[in-house]
Amino acid sequence: MVTLEIKILRRESRDAAPFWQSFFYTPQGDGETVATVLTWLCETPDLRDIDGNPAALIRWEHSCLQKKCGACAMVINGTPRLACHARLSEYKDVISLEPLRKFPVAADLIVDRSAMLDQLRSMALWLREDQVPIMDRFEDAYDSSRCLQCGLCLEVCPNFRVDGAFFGASAAIPAGRLLSESDNPRKTELAKAYRQYVYEGCGRSLACHDVCPAGIDVERLMAKSNGAVLWRLFQRKKKGD
């Protein structure tokens, strides 16, 4: 097995200056991932970097390690990915790990993604009453429900900023699910929020479609939601509302 250099962009706290620190790791099998390396580093007693200097515990977020929760999102060799889904066999010699760049860094590879939850709250993206599934839209609802809220789509989006008015795909996908199932009064409210926070700010780059670790067909779902919102806007204008 070839020994890899694992370069990690570290930061002791939110206000501290970032610095690079490297470690050596020799893979033990073909199925190992970046998450495997980070777990090993954190479990190594008397951890030292490649220069022999003592190293503090590496802070990173994880939970399921099975591409189900989205907690281990980070930038790996310049590409936003889930650490549990990035196999070491895909890389050669050096693997660089950085926190997501669109969100405030808390420490090391941990970022504050609370902005995503705030956006969901501001659009009221939850069911207020029981809903009967519309069977011909079941596939869209199921696809939308697989969103991990990992933030990778926002990381690659050229239009998203944490303090901006465009909420991105992480809000568009759950909004689309509710638009397909809610009753008419709720749809009007949702359509207005969707138009304000998603439709009007989206540049249609569709970078979110390619990076989604869950494989959600973001382009198809957003196209359907856009069509629904524009149709309701047309109907309202036609009635003179």
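In what follows, the structure referred to is the one given above.
What comes next is a walk through the structure. Predicted model, so just to flag it, every value in this text is computed and none were measured.

1. Notes on the overall build of the chain
Regarding its fold elements, the chain presents 8 helices and 7 strands. Principal axes of the C-alpha set define a box for the chain whose edges measure 75 × 35 × 30 Å. Partitioning the intrachain contacts of the chain with sequence separation of at least 6 by distance along the chain shows that 64% fall at a separation of at least 24. Summed over all atoms, the accessible surface of the chain reaches about 12700 Å², with 51% contributed by carbon and sulfur. Of the side chains in the chain, 32 bear a positive and 32 a negative charge, and the two mean positions are spaced by 8 Å.

2. Details of the pairing of strand 1 (residues 4–10)
Counting buried positions along strand 1 yields 5 of 7 residues, so the element is predominantly enclosed. Pairing analysis gives 4 bridges linking strand 1 to strand 5 (residues 94–98), with the strands arranged parallel. Of the residues in strand 5, the one forming a bridge with K7 is S96.

3. Re the sheet that holds strand 5
Ordered by their spatial adjacency, 5 strands build an open sheet running 2-1-5-3-4, and the pairing between neighbours is mixed. Of all strands in the sheet, those with a lone pairing partner are strand 2 (19–25) and strand 4 (79–82), marking the two edges. The sheet shows a mean angle of 30 degrees between the axes of neighbouring strands, direction not considered. Where helix 1 (residues 34–43) meets the sheet, it contacts strand 1, strand 2, strand 3 (73–76) and strand 5, and its direction lies at approximately 95 degrees from that of strand 2.

4. Some thoughts on the nonpolar core
Grouped together as the largest cluster of nonpolar side chains are 67 residues, with contacts concentrated most on I8, V34, L38, M74, I95, L97 and M123. The leading source of residues in this core is helix 5 (residues 169–181), at 7 residues.

5. With respect to the state of the cysteines
Summed over all chains, the structure comprises 0 disulfides. Unpaired in this structure, C42 has its nearest cysteine sulfur neighbour in C72, at a distance of 13 Å. Relative accessible area serves as the criterion here: at 27%, C42 is assigned to the partly exposed category. C72 supplies the cysteine sulfur nearest to C84, a cysteine that is in no disulfide, at a spacing of 3.7 Å. Given a relative accessible area of 14%, C84 falls into the buried group.

6. A short note on the pattern of salt bridges
Going through the model one piece at a time under the given rule, you end up with 15 salt bridges. Salt-bridge contacts for K224 lead to D140; the nearest nitrogen and oxygen are separated by 2.9 Å. Linking K224 in helix 8 (residues 218–239) with D140 in helix 3 (residues 138–145), this pair joins segments that are 84 residues apart in sequence. Overall, the relative accessible area of 12% leaves D140 in the buried class. A salt bridge links D143 to R220, with the shortest nitrogen-to-oxygen separation between them at 3.1 Å. With a gap of 77 residues between them, D143 in helix 3 and R220 in helix 8 connect regions that are remote in the sequence. With a relative accessible area of 7%, D143 lands in the buried category.

Criteria and cut-off values
Residues numbered from 1 in each chain as written. Predicted model: local features only at pLDDT ≥ 70, side-chain atom pairs only at ≥ 80, totals over all residues. Heavy atoms only, no water. Helix = DSSP H or I, 4+ residues; strand = E, 2+ residues; numbered from the N terminus. Contact = heavy atoms within 4.5 Å. Areas by Shrake-Rupley, 256 points an atom, 1.4 Å probe, with all protein chains shown as cover. Lys, Arg positive; Asp, Glu negative; His and termini not counted. Charge placed at Lys NZ, Arg CZ, Asp CG, Glu CD. Buried < 20%, exposed > 50% of the residue type's maximum accessible area, 1.4 Å probe, protein only. Pairing = 2+ DSSP bridges. Axes fitted to C-alpha atoms, helices over the stretch in contact; angles between N-to-C directions. Core = buried A, V, L, I, M, F, W, Y, C linked by side-chain atoms within 4.5 Å. Disulfide = S-S within 2.5 Å. Salt bridge = Lys/Arg side-chain N within 4 Å of Asp/Glu carboxyl O.

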